[in-house]
Structures are given as structure tokens and as C-alpha cells.
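Structural overview
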Amino acid sequence: MTSARCGSAPVAPIPKFSIDEDQSLRRDPQLSSKTSTWGQAMNWKTITAHLDVDSAPDPRLEFAIDFASNFGAATSLVSAAEPAQILESGLAIETAAQIMHTEVAAIEAKQRAIYDQLRSKAAEGLHVEWSTSMLDPTSFLLDHLCGSDLAVVFASDFGQRADFRRTIDIGRLLVCSGRPVLLAAHSMEPFKGTRVVVAWKNCREARRAVSDALPALAKAEDVVVLSVREQGSDRDWSVGDVVQNLTRHGVAARSLYEDRPSLSVAAAITSVARGLEADLIVAGAYSHNRLREWMFGGVTRSLLEDNSLNRLLSN
């Protein structure tokens, strides 16, 4: 059973269906016909994306479907929002029930609108799973990731409240999911993945991130393993080992050392990534305690707040 901190209460299975007219979920014949090679074995096979009910669905649908198709992966789309709990004293039970009923109906209408957009955008023969719930989004997404290799989440629209009843708690998702999480750039432009920057630090989280990101690294034309030397620290020579290991996996990897005493580590990472016109930053998340990062700041917090680039983070 999932722990109370990271998961959610058991819920009834949510029916999943395909975009095929017969509403059947079938395996992509292109996937089933491929031989089981090492390159395909390390590829992502199922990618799950969450769509907020309060955000514009069009660009998010296009990004998620396009990203999954780039890796020949099945696409699972989920959308969840939790109705507000009416606890005001003196409020009649009938009134509270009516408010709850109205909010549930509004959430269902938004989820139906997302599904209608999905049907209009999904290409013929494209198999997409679609699931909805009245749970909080993070719990619902966590429940679905046991059958997925990667979670894709999006920044809220400008002006949208950070309400975790209606949007993803990315910090909790990173800590609890046991899966890499791709945070799409706010532009949501189609993912190219031509150049990738690996923000390297010799710690468990960064090692996990490199392993989790192998499908994207293998497709890239240029992978830069970046080490930013913090003030008073020695150069991290483990970068060479990372490059060597990636090269053995067939990844076009090279090393880059940066001394940026005037910038924070996170600012140096994003500055290098922009200078290289990178499509993606790969990094470990919360190598320090999450509470400490929330109170004092840190690389993970800064990367979460910078939505100008695609970021793949692992804990």
C-alpha cells in the first residue's frame, strides 16, 4: 500500500479507453513488431501527462502527444481536480451539498472539454489512454505512474492560483513518484531534443537522473555534461567518468566545466543551457532536504521556478 505521505487512499479503478472509434485500447503494431534490442529496452514505453482543468488544453495536448510519439511511447493522459470541502459553520447542509454539486459539475465539464479537444487532435490510429478523477491531482497522477516510465507536467497558466486541489504539487511528485519528471517549458514548443545539458553533481540524485534520461540522451546530437564549481570547492573530476559511461551507451557526450563565482549554481546552469541553445536540462532533484530548499532556496527550487526551458528531474 502506498504510504500516507506520498500516495493516496485506495480508489476504484478508473476505466481507460482509446481514441479509436471502437473505444478499444490496442497495442501499437509498430511497437509490437519491433525486436527486443538493447536500444529499445532502454527507451520509454509509456509516458503519462497530467492536464490541469484550469489551464488551456490545446498546447499541452499537442506537446504531450508529440513528445510521446518521438519516443514511440504509449500516451496516457490524466486530469484530476478535487472539489472544495465546504466547512463553514452555520451553513445549511442542503446549501453545502448544492455548492459541492455545482463544483463537481464544473470540473466534469472542464474534463469533458479537454477530452473533446483530445479527440479532435489525436491522429487516426493513435492510441491514447484518458482517465479522470475527483481526487487531488498529485495523488491521482502518483496512482497512475506505476504503469509509466515518465511523468510530464506543465506550469500553470499566468494568473492561475497554486491550488494543489487543482494542480500538481511538483515537489511532492518528485519525492514520491519514483519516476523521472519532465517539466515542459512554458512555450510548450515541440520537443526536438537535439542538445541536452546534464547538470552534474556527484550525488545519488544526479546519477539517477542520468540513468532515467538515457532515452533522451541517446537521441540527442550533443549531450553536454556540465559541472559548475561552487565557491571554495575543487573541480569535480567524476564528470569524465559520466561522459565515458554515456559514450559506451552510444551517447554523443562531452564535458564542460564552469567557474561562475558571480552566479548561483542554478543561474549558471540555465545560463549555459541558453547559451548552447539546449532543448533540455537533466538534473537530480532535492539532493538537499526539500524543507531546507523551500526555506533557503537551492538548485532544485530555482529550476522548478524557471519555466523557460524543458527540465527532466529525478529524485
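Everything quoted here is computed from the prediction, not taken from an experiment. (Residues numbered from 1 in each chain as written. Predicted model: local features only at pLDDT ≥ 70, side-chain atom pairs only at ≥ 80, totals over all residues. Heavy atoms only, no water.)

This part is about the nonpolar core. Counting residues in hydrophobic clusters, the biggest one holds 49 residues, and the most contacted among them are Leu217 and Leu246. The element contributing the most residues to this core is helix H3 (residues 57-70), with six residues. Ignoring anything within four residues of it in the chain, the contact list for Leu246 reads Val210, Leu214, Leu217, Val223, Val225, Val251 and Ala253. If you look at the next biggest cluster of nonpolar residues, it comprises 33 residues, including Val78, Val181, Val228 and Ala273. (Core = buried A, V, L, I, M, F, W, Y, C linked by side-chain atoms within 4.5 Å. Buried < 20%, exposed > 50% of the residue type's maximum accessible area, 1.4 Å probe, protein only. Helix = DSSP H or I, 4+ residues; strand = E, 2+ residues; numbered from the N terminus. Contact = heavy atoms within 4.5 Å.)

Our next topic: the pattern of salt bridges. Applying the stated criterion across every chain yields a total of 14 salt bridges. Of the charged contacts in the structure, one is a salt bridge between Asp222 and Arg254, with a shortest N-O distance of 2.9 Å. Note that Asp222 is positioned in strand E7 (residues 222-229) and Arg254 in strand E8 (residues 253-259), a separation of 32 residues in sequence. Of the residues examined, Asp222 reaches a relative accessible area of 12% and is grouped as buried. The partly exposed category is assigned to Arg254, whose relative accessible area is 35%. Linking Asp259 and Arg229 is a salt bridge whose minimum nitrogen-to-oxygen distance equals 3.0 Å. Of this pair, Asp259 sits in strand E8 while Arg229 sits in strand E7, and the two are 30 residues apart along the sequence. On the basis of relative accessible area, Arg229 is assigned to the partly exposed category, the value being 37%. (Salt bridge = Lys/Arg side-chain N within 4 Å of Asp/Glu carboxyl O.)

With that settled, consider the environment of Leu145. Mapped onto the elements of the fold, Leu145 is located in the loop between helix H5 (137-144) and strand E4 (150-153). Classification of Leu145 as buried rests on a relative accessible area of 2%. Once the C-alpha coordinates of Leu145 and Thr46 are considered, the two residues, 99 residues apart in sequence, prove to be 9.4 Å apart.

Turning to the sheet that holds E7, a few remarks are in order. Taking strand neighbours across the sheet as the criterion, the 10 strands line up as E3-E2-E1-E4-E5-E10-E9-E6-E7-E8 in an open arrangement whose pairing is mixed. Of all strands in the sheet, those bounded by a partner on one side alone are strand E3 (128-133) and E8. On average, each strand axis in the sheet is inclined to that of its neighbour by 25°, with strand direction left out of account. Judged from the five bridges that link them, strand E9 (residues 280-284) and strand E10 (residues 310-314) form a sheet pairing that is parallel. When the sheet's bridge partners are listed, Ile281 is paired in E10 with Arg311. Contacting strand E6 (195-199), E9 and E10, helix H7 (residues 204-212) crosses the sheet at an angle of about 140° to E9. Across the sheet, helix H10 (residues 265-275) touches E6, E7, E8 and E9, and the angle it forms with E7 is around 150°. (Pairing = 2+ DSSP bridges. Axes fitted to C-alpha atoms, helices over the stretch in contact; angles between N-to-C directions.)

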